[in-house]
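Reading the structure
What follows is the residue order along each chain.
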Amino acid sequence: MSDVKRPKDQLKAHIRAQNQALILETSERVFARQGLAKTTTQMIADEAGLPKANVHYYYRSKKDLLEAVLERILRLWLDSVSEFTVSEGPKQNLTRYISEKVDQSRANKNASKIFAMALIGEEAFVLEYLRRYFVTELSREKSTIQQWVEEGLIQPVSTEHLFISIWAMTQTYADFDAQVKIMLQKDELEESDYDEAKQIITRMVLAGCGVVG
């Protein structure tokens, strides 16, 4: 009997995963475009081509849906950025980290904008998530940077302010891409624009930290 039910259970799980992915991807677009306050579950349902009841079947409220979107964004960011490796030294690690952050801004503009909106609105969920995960991540990198300082590979630097500065410089290419386009007098940013951003941000950070080698 269980063998008969298994394919049906698998199909249900597949449909559920597909619907949830569709709802979250659509929500990300709508939240980024309309803002957190103005977005409604009806807007998301309409754009996803689903009945509103289907959205509420998976997410009971707009708050639950926003938290699911934010968690998806934050996990993506944590998983897509490499950890610092002591043996590789500061130049290679910082260069790679900046490149990955600019790539995130290019590939996930909506995600970055929603994250910024949530921070500005001091959404409790995202603040607690930052405290639980990002602070832990930062403490590990702080230990690595301190080793480089002791080895004379980098000047003493506030790890917190270093990362805040890198985030500000890299995420602006997503959060304020409209401003960047105006400054560069372009309708759309090209790959060469992101490459140039990586180069100048990297030079500024490495020089500001007194990185040796």
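Residues numbered from 1 in each chain as written. Predicted model: local features only at pLDDT ≥ 70, side-chain atom pairs only at ≥ 80, totals over all residues. Heavy atoms only, no water.

When you line up the elements, Thr202 lands in helix α10 (residues 191-208). A relative accessible area of 10% places Thr202 in the buried class. Apart from residues lying up to four places away in sequence, Thr202 is in contact with Thr95 and Ile98. (Helix = DSSP H or I, 4+ residues; strand = E, 2+ residues; numbered from the N terminus. Buried < 20%, exposed > 50% of the residue type's maximum accessible area, 1.4 Å probe, protein only. Contact = heavy atoms within 4.5 Å.)

Our focus in this paragraph is the packing of helix α8 (residues 159-175) against α10. Where α8 contacts α10, the two axes come as close as 11 Å, and the packing angle between them is 165°. Taken together, the axis directions place α8 and α10 in an arrangement best described as roughly antiparallel. By crossing handedness, the relation of α8 to α10 is classed as right-handed. Here Leu162, Ile166, Met169, Thr170 and Tyr173 of α8 come into contact with α10, specifically with Tyr194, Ala197, Ile201, Met204 and Val205. (Axes fitted to C-alpha atoms, helices over the stretch in contact; angles between N-to-C directions. Parallel < 35°, antiparallel > 145°, perpendicular 65-115°, else oblique. Left-handed = near helix turned anticlockwise from the far one by under 90°.)

What follows deals with the pattern of salt bridges. All chains considered together, the criterion is met by 19 salt bridges. Between Lys198 and Asp103 there is a salt bridge, and its shortest N-O distance comes to 2.8 Å. Taken together, the positions of Lys198 in helix α10 and Asp103 in helix α5 (residues 89-107) put the pair 95 residues apart, joining distant regions of the chain. Residue class for Asp103 comes out partly exposed when judged on its relative accessible area of 34%. With a closest N to O distance of 3.6 Å, Lys109 and Asp177 form a salt bridge. Taken together, the residues span a long stretch of sequence, with Lys109 in helix α6 (residues 109-120) and Asp177 in helix α9 (residues 177-184) at a distance of 68 residues. Pair check on accessibility: Lys109 and Asp177 agree, each one buried. Several salt bridges converge on common partners, so that one network encompasses Lys109, Lys113, Asp177, Lys181 and Glu188. (Salt bridge = Lys/Arg side-chain N within 4 Å of Asp/Glu carboxyl O.)

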